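# Observations on the model geometry
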Amino acid sequence: MPSSTRRNRKCCWNSVHSSSVGSRYSSKIIRIIALLRAAVARYRFGRPAAVAVALYLTAAAVAAGYDGGRWFAVVATADFWLWDDGARLLPAAIGVLNAWALWQILRGPASPRAEALPRDVVWLRRLLYADVAGDLLLWELLDDLSGVAEYAASWAVWTATMLLLVRALTGVSARFRIIALGLGLTGVLAAALRPFAEIPLLTASLLLAMATLGCKAMIIAGQGRDQRFSAVTVAIGWTALLVPQVYSLLQVGRVTIDGLSLAVRALDGLIVVWAARTAHELAAAPGPGVAAPGTGRTPRLLAAAAVVLVLPMAIVGAEGDARLTYTAADEHCRDRLRPAAGLGFEERRRSFLCLARGETFAADRMFPEDLADQRVLAYGAQLCALPGDQERNALHERAGGTGDAIELAAALEYLCPGIVARQNADAHRRQAERDLQEATWKAEANARCADSWPGVRARRQGTAAYMLFEGGGYAVFDDRDDSAGDPGDIYGDDADIFDAIEDGFIDAAGSSAAIVTFEENAAMCLTVKAFDSAPPLRLTGWDKVVEVGIASRSGRLGVPTYPEGGDSGAAGPLPDLAVAGPGHYRLRVHARTLPWDENDPDAPLEEHLIVVYPGRSTEKVVYRPRG
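### With respect to the overall build of the protein
Across its full length, the protein carries 18 helices and 10 strands. When burial is assessed residue by residue, the protein has 41% of its 627 residues classed as buried. Across the protein, the fraction of contacts at a sequence separation of at least 24, relative to all contacts at a separation of at least 6, is 72%. Just so you have it, the protein exposes about 34100 Å², and 59% of that area is on carbon and sulfur atoms.

Quick look at the structure:
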């Protein structure tokens, strides 16, 4: 067979094969689109729900490509999270979960719908949708207006929903309903009494959480026996109910903000999906063998529930005086505090909580009043593990706490005395190292400077490196004269650095003088000499020499020293230049630039010589022309 024929047949085969593969992919895409359209058409609000989901996924995709994807986590998870460039899988998974949840909530009930629903079921669906809207948005908006209103409204909706939902369940016994209703009303009672009753916060919180959790668990279990609800809805309910509770038990005593906590919060939000699906499925047409929910009155049920409600009240009364920790209600616990040394573990925890629950010097609570004791202890444990005051104060502020570092350290002395002592010792050690480094730096800088007029001995003299700040410039002034401003101030009431800049070198007025420098943000060499009378004039080697009058009202005259943690000043001690005490002096300032030393890049590039002697003249004399 000719080679051209073989090539033609091979080409035709590739073309046919490519066409076949393309058609298969096209048919699959068409089939997927058809399935999606059928799923959308199956539900009452399928089309607007699909549009909402598409917009959400589009926003997430746009955020993934904006600013390196740093906004993707915020859009995909609907939560702020410490972004890590290498951790995109978790936000993406949560984004998919949120998109699915949005679809489940907005799609509405499936068709066909039941033609006539009992009145109780109609109101139950309305309450479930109200609870969904509240969890998604309304409770947050109401909380911004009034926390009390939000608390009351959310619990009122839950109470009515719980009563109707327990009653609407089919396939469960009367005893089952009584227990579920009793647990639910117990939780409602604990929630109603919590702001007013004189009971420990921990007791009320546990009672509220356990009773409400038990009621919700029985409702979900009852849904598993009711043929109107799908297995998916029941599974979603159990996931949303149990996963956060198990996580909370595993996290007791710890406060963490990580990927796992973000995932748990996302699963916690499934309770909204469960409520929406429950409302959707209540409207579906009943299948064969599904019993209609009861519509008659059940006086025995309500009577039994009333009896159940009496028991928690007795329990609360019995535990009213049992406090394992000091709380905000114990205002006199500070009177019973003892030094941490020698106290047992529990007593030190109680003492820490006493201070943590009390008021600070600013008349605020050290920790928020509504923060549970166990959370305060967890924050305390994290504070103990941090290396220094700055880190502890930052975490304390994030926890909503107030108070200075001394108050916080005093409280932590009880919770972790050994750690705090070691941290204090480490802080002292680090400070000593910084002091040593600064002393070494000053000594090295001073060693690069020598007396610029060695042939003349003055009554008082000294040489040091002078550290210049941004913009340069320095001052000679009477540091005990209030009119001269703060030590080293070159923007004082008398001499001003801006006037010196306008002059080109120096400005003198009253008891201060401001001198301009060539350099800034560097060290220069400064020599000062004080004489009893006018010394000989020295001009050789200097770029500028100017003499002005200056006064000393207190009998002192000098340049500032480099302050600890400051910006400018002499790196070594320089003498008082007012050798004759209070009075008038002449100030002669010499300035010159120094050549670059390639063997010592840190060597100063500028040198000044200050000569002071008594003299009443205030005349300004320029010996070297201004620059």
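There's more to say after this.
### Topic: the packing of helix α13 (residues 345-357) against helix α14 (residues 373-385)
At a closest axis distance of 11 Å, the pairing of α13 and α14 adopts a crossing angle of 100°. Between α13 and α14, the angle is such that the two are roughly perpendicular. Of the residues in α14, those touching α13 at R349, F352, L353, A356 and R357 are D373, Q374, V376, L377 and G380. Here the residues of the contact of α13 with α14 are counted per class, giving five nonpolar, two polar and three charged.

### Observations regarding helix α5 (residues 119-145)
One turn of the α-helix equals 3.6 residues, which is why residues spaced by three or four share an orientation. Given a rise of 1.5 Å per residue, 27 residues ought to cover 39 Å, yet the end C-alpha atoms of α5 are separated by just 33 Å, more than 12% below that figure. Along α5, the helix axis deviates most sharply at G134, where the bend reaches about 65°. Turning to α5, its buried residues number three or more, namely V121, L124, R125, L127, L128, D131, V132, G134 and W139. Looking at the buried side of α5, the elements it contacts are α4 (89-106), α6 (147-168) and α11 (270-282).

### Some points on unusual backbone geometry
Residue N521 is not a glycine yet carries a positive backbone phi of 50°. Mapped onto the secondary structure, N521 falls in the loop between β4 (512-515) and β5 (523-530).

### Details of the packing of helix α15 (residues 389-398) against helix α16 (residues 405-415)
Remark: α15 packs on α16, axes separated minimally by 11 Å, with the N-to-C direction vectors making an angle of 90°. Compared by their axis directions, α15 and α16 come out roughly perpendicular. Counting all contacts with α15, which are made through D389, R392, N393 and H396, the residues of α16 involved are A405, L408 and L412. Considering only residue class, the contact of α15 with α16 consists of three nonpolar, two polar and two charged.

### A word on the pattern of salt bridges
Under the definition given, this model contains 16 salt bridges. In this structure, the salt-bridge partner of R357 is D373, at a minimum N-O distance of 2.7 Å. With R357 in helix α13 and D373 in helix α14, the pair connects residues that are 16 residues apart, well separated along the chain. Note on accessibility: R357 and D373 belong to one class, buried. Residues D532 and R459 are paired through a salt bridge, measuring 2.8 Å at the closest nitrogen-oxygen approach. One end of the pair, D532, is in the loop between β5 and β6 (544-552); the other, R459, is in the loop between α17 (417-447) and β1 (460-467), and 73 residues separate them in sequence. Each of E547, R586 and R588 takes part in salt bridges that share partners, so that together they form one network.

### Section: the nonpolar core
Among the nonpolar cores identified, the biggest contains 39 residues, and L124, W158, M162, I219 and W274 are the most heavily contacted of them. Among the secondary structure elements, those contributing two or more residues to this core are α4, α5, α6, α7 (174-193), α8 (201-225), α9 (231-250) and α11. When residues in this core are grouped by element, the largest group, eight residues, is from α11. When sequence neighbours within four positions are dropped, the list of residues in contact with W158 reads V188, T212, C215, K216 and I219.

### Some remarks on the state of the cysteines
Put plainly, two cysteines are in a disulfide when a covalent bond ties their sulfur atoms together. For the structure shown, the criterion picks out two disulfides. There is a disulfide in this structure between C333 and C354, and the S-S distance comes to 2.0 Å. Disulfide C333-C354: the torsion about the S-S bond is 90°, which places it as right-handed. Taken together, the residues C333 in the loop between α12 (299-318) and α13 and C354 in helix α13 connect sequence positions 21 residues apart. Residue C449 pairs covalently with C525 via a disulfide, S to S 2.0 Å. Where C449 bonds to C525 through sulfur, the torsion about that S-S bond is close to -80°, and the disulfide is left-handed.

### Details of the pairing of strand β2 (residues 474-477)
For a regular strand, the rule is simple: side chains alternate between the two faces of the sheet. Covered by surrounding structure in β2 are Y474 and V476 together with A475 and F477, the residues of both alternating faces. In this structure, β2 lies alongside β4, joined through four bridges in antiparallel fashion. Paired with Y474 across the bridge in β4 is I515.

### Considering the packing of aromatic side chains
Counted by the stated rule, this structure contains five aromatic pairs. Centre to centre, the rings of Y43 and W103 are 5.8 Å apart; their planes meet at 85°, and the pair counts as edge-to-face. Pair noted here: Y43 is in the loop between α1 (3-42) and α2 (46-64) and W103 is in helix α4, with a separation of 60 residues, a long-range link. Of the two residues examined, Y43 and W103, each falls in the buried class. Relative to Y562, the ring of W441 lies with its centre 5.4 Å away and its plane at 75°, an arrangement referred to as edge-to-face. Of this pair, W441 sits in helix α17 while Y562 sits in the loop between β6 and β7 (569-570); the two residues are 121 residues apart in sequence, bridging distant segments of the chain. One cation-aromatic arrangement involves R126 over W123; the distance from NZ or CZ to the ring centre is 4.8 Å. The ring of W158 carries K216 above its face, with NZ or CZ at 5.3 Å from the centroid.

### Some details on the sheet that holds β4
With respect to topology, three strands assemble into an open sheet ordered β2-β4-β3, the strand pairing being antiparallel. Each having just a single partner strand, β2 and β3 (506-509) make up the two edges of the open sheet. The sheet shows a mean angle of 15° between the axes of neighbouring strands, taken without regard to direction.

Quick notes on the rules
- Within every chain, residues take consecutive numbers counted from 1 along the sequence as written.
- Whole-chain, interface and lining totals are the exception, using all residues; otherwise, since this is a predicted model, local features are given only for residues with pLDDT of at least 70 and side-chain atom pairs are given and counted only at 80 or more.
- Excluding hydrogens and water, the side-chain figures rest on all heavy atoms present in the structure.
- Strands here mean DSSP runs of E at least two residues long; helices mean DSSP runs of H or I at least four residues long; both are numbered from the N terminus.
- Exposure is judged per residue with a 1.4 Å probe applied to protein chains only, and the accessible area is read against the type maximum: over 50% gives exposed, under 20% gives buried, and values in between give partly exposed.
- In this description, contact between two residues means that some pair of their heavy atoms is separated by no more than 4.5 Å.
- All accessible-area figures derive from a Shrake-Rupley calculation using a 1.4 Å probe, and residue coverage is judged against the displayed protein chains alone.
- Note on definitions: angles span 0 to 180 degrees between N-to-C directions of axes, and those axes are lines fitted to C-alpha atoms, for helices only across the stretch in contact.
- Under this scheme an angle from 65 to 115 degrees is roughly perpendicular, one under 35 degrees roughly parallel, and one over 145 degrees roughly antiparallel; angles in between are oblique.
- Classes in brief: Ala, Val, Leu, Ile, Met, Phe, Trp, Tyr, Cys and Pro nonpolar; Asp, Glu, Lys and Arg charged; the others, Gly included, polar.
- Under the convention used throughout, the expected extent of a helix is 1.5 Å for every residue step, that is, one less than its residue count.
- Two axes define the bend at a residue: one fitted to the seven residues ending there, one fitted to the seven starting there, and the bend is the angle between them.
- Think of a salt bridge as a Lys or Arg side-chain nitrogen and an Asp or Glu carboxyl oxygen that are within 4 Å of each other.
- Here, the term nonpolar core denotes a set of buried Ala, Val, Leu, Ile, Met, Phe, Trp, Tyr and Cys residues that are joined through side-chain atoms within 4.5 Å.
- In what follows, a disulfide is any cysteine sulfur pair within 2.5 Å.
- Strands pair, by our definition, only if DSSP identifies at least two bridges between them.
- Working definition: rings of Phe, Tyr and Trp (its six-membered ring) pair if their centres are within 6.5 Å, and the pair is stacked with planes under 30 degrees apart, edge-to-face with planes over 60 apart, and tilted otherwise.
- We count a charge as sitting over a ring when the NZ of a lysine or the CZ of an arginine lies within 6 Å of the ring centre and within 35 degrees of the ring normal.

By themselves these figures say nothing about function.
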